[in-house]
Amino acid sequence: MHTTDPTDFIRATTTPRPVPLTPELHLHTADDITTLWHDTGTPEPPFWAFPWAGGQALARHVLDHPHLVTGRTVLDLASGSGLVALAAAHAGGHVTANDTDPLAAAAIHLNTTTNHHTLHITTHDLLDTEPHVDVILAGDVFYDRHMAARVEPFLLAAHHRGTLVLVGDPHRSFLPRHWTPLATHHVPVPRDLEGVDVKPTTVWRPPDRHHPPQQQRC
């Protein structure tokens, strides 16, 4: 596992480059994500080191529809690289990027500086809280059973409080049923991560009618 300063580690293992679907924004992106994953010594991939499909689609949606966030308080949940948070800041939102991974927080800070934006970063676990924000954005949060089981009730509760909730997801295994598709983008992705070169990815919102959180599919 890496023992250097997080910022130095990220600078040593990534290169700033434009995001395929949102070239307005640049991210510190891993040159070799498989090797980087091994070097971090963590069971989960380095979500902060690459613009994942759900985040790219959601960021594109926000940039194409800036009225959704302009002048509003925005929470980017499980922010990873900070891509969606940066898109919301670029569109004029007052943004908080949230990720519990300290490496993600360092990456978000670097990417915020690279893109000349300002946002707040927090590493607290917010899934048992009720954030008072106008908009919650979440890209690629339904990637495993445990995460989905915590995230879906959090997002539904926010939706029922009147918060605008938008999720970017390419039909991952634990994407909730009943959610409403808003737009689909064909997102360039690395074949070694996704098994394809382009992944159709949808922006979703919670259902208009209440559905209880689903029992997760196997």
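Scroll up a little and you will see the structure.
First things first, this report covers the structure right here in the doc. All values reported here derive from a predicted model rather than from experimental measurement.

**A few points about the overall build of the chain**
- Counting its secondary structure elements, the chain contains 7 helices and 9 strands.
- Rg of the C-alpha trace for the chain: 16 Å, near the compact-globule value of 17 Å for 218 residues, within the 12% margin.
- With respect to the principal axes defined by its C-alpha atoms, the chain has extents near 50 × 40 × 30 Å.
- Looking at the chain as a whole, 52% of its 218 residues qualify as buried.

**Topic: the packing of aromatic side chains**
- Summed over all chains, the structure comprises 5 aromatic pairs.
- Between F47 and W52, the ring centres sit 5.7 Å apart and the planes meet at 55°, which makes this aromatic pair tilted.
- An aromatic cluster is present here, built from F47, F50, W52 and Y143 joined pairwise through their rings.

**Some remarks on the environment of L21**
- The residue L21 is located in the loop between β1 (14-18) and β2 (26-30) in this model.
- For L21, a relative accessible area of 15% translates into the label buried.
- Separated by 164 residues in sequence, L21 and H185 have C-alpha atoms that sit 8.7 Å apart.
- Dropping the residues within four chain positions of it, L21 is found in contact with Q56, A57, R60, H185, H186, V187 and P188.

How each quantity is defined
Residues numbered from 1 in each chain as written. Predicted model: local features only at pLDDT ≥ 70, side-chain atom pairs only at ≥ 80, totals over all residues. Heavy atoms only, no water. Helix = DSSP H or I, 4+ residues; strand = E, 2+ residues; numbered from the N terminus. Rg over C-alpha atoms; globule rule 2.2 N^0.38 Å. Buried < 20%, exposed > 50% of the residue type's maximum accessible area, 1.4 Å probe, protein only. Phe/Tyr/Trp six-rings, centres within 6.5 Å; stacked < 30°, edge-to-face > 60°. Contact = heavy atoms within 4.5 Å.

So far we have only geometry, and geometry alone does not tell us how the molecule works.
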